[in-house]
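Residue-level structure breakdown
For reference, the chains in residue letters:
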Amino acid sequence: MRIVVAEDLYLLRDGMVRLIEAYGHEVVATAATGPETLQALRTWRPDVAVVDVRMPPSHTDEGLRAAIAARAELPGLPVLILSQYVEQLYARELLADGSGGIGYFLKDSVFDADQFIDALERVAAGGTAMDPAVIAKLLSGGPSNRRLEKLTEREHSVLGLMAEGLSNQVIAQRLFLSESAIGKYTTSLFGKLGIVDDGTNNRRVLAVLAYLNKD
Amino acid sequence: MRQLRTWSARIGVGFSRACAVAAVGTVIPAVWAAAIALGVRWGPGNPWSWLAPVVIVAVGTLALSRPVCRAVRHLVARWTGTVVPAGYREAPPVTRMATGHWWNGFGYERTRRDALMDQKWRIRWNDPATLRDLRFTAILPLTAGLVACLPPTGAAAAVLGLGLGAGGTAGRLAGLLGLLTAVAVSPYAWRTIEPVAVRFLRPSSAMALAERVEELTVQRADMTNIQAAEIRRIERDLHDGAQARLVGLGLSLATAEKLMETDPERAKALMKEARAGATASLTELRELVRGINPPVLSDRGLVDAVRALALDSPLDVTVDADLAHRPDAPVESALYFAVAELLNNAVKHAGATRVRVSLTWGETGTGTGTGSGTGTGAGTAIVVAVEDDGRGGALVRDGGGLAGLRRRLAVFDGTLEIISPAGGPTRVTLEVPCASS
């Protein structure tokens, strides 16, 4: 895969580049500021970009805004956001355009290199990868989406794991069920959420969106 | 005909008001007169004839000055709408110390009752407002009181001279004159009370300034304490949490380095442990930073930070925001933590299901009573209202969370008002004055 890494801290950027290259992927460009990130994404159109939320010059959400702007220009550009903090608000903004190829993880996730690379590959393939912290917050109560109230407990947990970006196979392992059972659950929850397979939208992404949008 | 009715109504109202002012204004001179009369009656030679009047005058004046002033403030506010702030000093809370004694801000007492009594008297004697009240009770009978006496005196003369016919022709003439005076003066006589009260009863600018300085001193002390406590908390969290974990991480790595050649399996396990330790200390540091300065707040400002709070809350929270620009960072931070605490209260205490948060720019002093009355006039303020559908009955208690919020907002001259009838709903309004540009 051709990857762009946008991170302002040299140590972390360098470490990530080495990690990615150790797994046999190619880092085509790095960026250290918001404008640089946008520029790099425009020029290189990578298979996936790793972007830090907080970057110079303003040291606020410069990176996040660069990623959103780049996705507005190049729809579906896969971006994995890595941040010191996971905010539901930011996750919702990223998913707002309804197309896939979005990941949002805590920076700690690079500690588990396999998990990190796996997430990168899933995002590059147009899927979603959400930090369990975001999903946990959504699951821990909150005014549940009226559409979600119709789901059974099992369907709920399947949707939660699906939102993290896991495949049916992994979900089946986690819940000690067969893969075909998971298939049945996903079909029934797509039906209950009113998500039809029209061949254009990523149904899993829409399910996550239904999850993130409370109203 | 209608005009006649209006006139007579004005005269009637004016007369009754003048009587009220005259009554209030002559209470203390009446006490003095009674005391002197008593002394005269006992006659010279009786030692009580000079001691008793002095005691009666002193005690009577001191005891009555405050009720008289309160009555005047009440009457002025009711008739003219002019609010004359009382400006009495407020008593600091009485707290029980670890020794079992009660501290009232001045000294230790054995029982709560003693502490309260002691505090009451000390505040009374030290309060410049007491002196102001005494001065006013001396001035009142000579100014507004004297003028207000005209209509009732005139009426009395009329009754005596015309009604009862006392004093013959001269008496009748005096009665007629009295009646005319009473009728002519009634609509105006009571009005002198307002300028006199405003001039002499209102805290002077020097007093207001002195009070403000005192208020700020207390606020500064409060703030210093709050900050010191916060720094201690952060230091303790770092010391017990992340710091200890990093030491452990270093130890694991050192051991792993040593074992690398002899026992690679154990070395690998230790490395894994070290990684878990690094993740845990990151989580702790993250929570710590969130408690000091939430990242969304610094990234996006108050409105989005409150929206993020709404997303994280287990309640159904709606946020209405109408803020075109961001307030100063310290104000933003204070309001953010205030909203966070109020949402938390709605979950923990109110048992609410829905909460409405609104953030707007408004005018200062639009709320009911701005507390100390030392506001700097109308200006722009940021107004945050948090309304829940819970069971209500929230109170600002000493040492409680709401009192703490109020103290923190007071540093910015902000106010916290709470309307929370038993059975709900609860509405808390925070208002912090700040420049709108």
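Bear in mind the structure is a predicted one, so any value in this text is a computation, not a measurement.

1. With respect to the confidence of the model for chain B
- Residues with a pLDDT of 70 or more make up 96% of chain B, whose mean pLDDT is 85.
- Reported for the predicted complex are a pTM of 0.65 and an ipTM of 0.73.

2. A short note on helix α12 (residues 329-350) of chain B
- Between the first and last C-alpha of α12(B) there are 30 Å, a value that for 22 residues agrees with the 32 Å anticipated at 1.5 Å per step.
- At the C-terminal side of α12(B), Gly351(B) shows a positive phi close to 60 degrees.

3. Some thoughts on the interface of chain B and chain A
- Chain B puts 24 residues into the contact, and the matching count from chain A is 24 residues.
- Taken together, the two surfaces of chain B and chain A that pack against each other cover about 2,000 Å², and 48% of this comes from carbon and sulfur.
- On the surface where chain B and chain A come into contact, there are five salt bridges.
- A salt bridge links Asp299(B) to Arg54(A); the shortest N-O distance between them is 3.2 Å.
- Of all the elements in the fold, those that place two or more residues in the side of chain B that touches chain A are α9 (264-292), α10 (295-300) and α11 (302-312) of chain B.
- The element best represented in the side of chain B that touches chain A is α9(B), accounting for eight residues.
- Across the side of chain B that touches chain A, the residue classes tally to 10 nonpolar, four polar and 10 charged.

4. A look at unusual backbone geometry
- For the bond from Pro56(A) to Pro57(A), the omega torsion is 0 degrees, close enough to zero to count as cis.
- Mapped onto the fold, Pro57(A) is located in the loop between β3 (48-52) and α3 (62-73).
- A positive phi angle is found at Phe176(A), which is not glycine, with a value near 55 degrees.
- On the secondary structure map, Phe176(A) appears in the loop between α8 (168-175) and α9 (179-192).
- Positive phi, normally seen in glycine, also occurs at Asp413(B), with a value near 65 degrees.
- Along the chain, Asp413(B) turns up in the loop between α13 (401-410) and β7 (415-419).
- On the accessibility criterion, Asp413(B) (37% relative accessible area) is partly exposed.

Quick notes on the rules
- Residues numbered from 1 in each chain as written.
- Chains lettered and ligands numbered in written order.
- Predicted model: local features only at pLDDT ≥ 70, side-chain atom pairs only at ≥ 80, totals over all residues.
- Heavy atoms only, no water.
- pLDDT = per-residue confidence, 0-100.
- Helix = DSSP H or I, 4+ residues; strand = E, 2+ residues; numbered from the N terminus.
- Expected span 1.5 Å × (residues − 1).
- Contact = heavy atoms within 4.5 Å.
- Buried area = accessible area lost by both parts, 1.4 Å probe.
- Salt bridge = Lys/Arg side-chain N within 4 Å of Asp/Glu carboxyl O.
- Nonpolar A, V, L, I, M, F, W, Y, C, P; charged D, E, K, R; others polar.
- Buried < 20%, exposed > 50% of the residue type's maximum accessible area, 1.4 Å probe, protein only.

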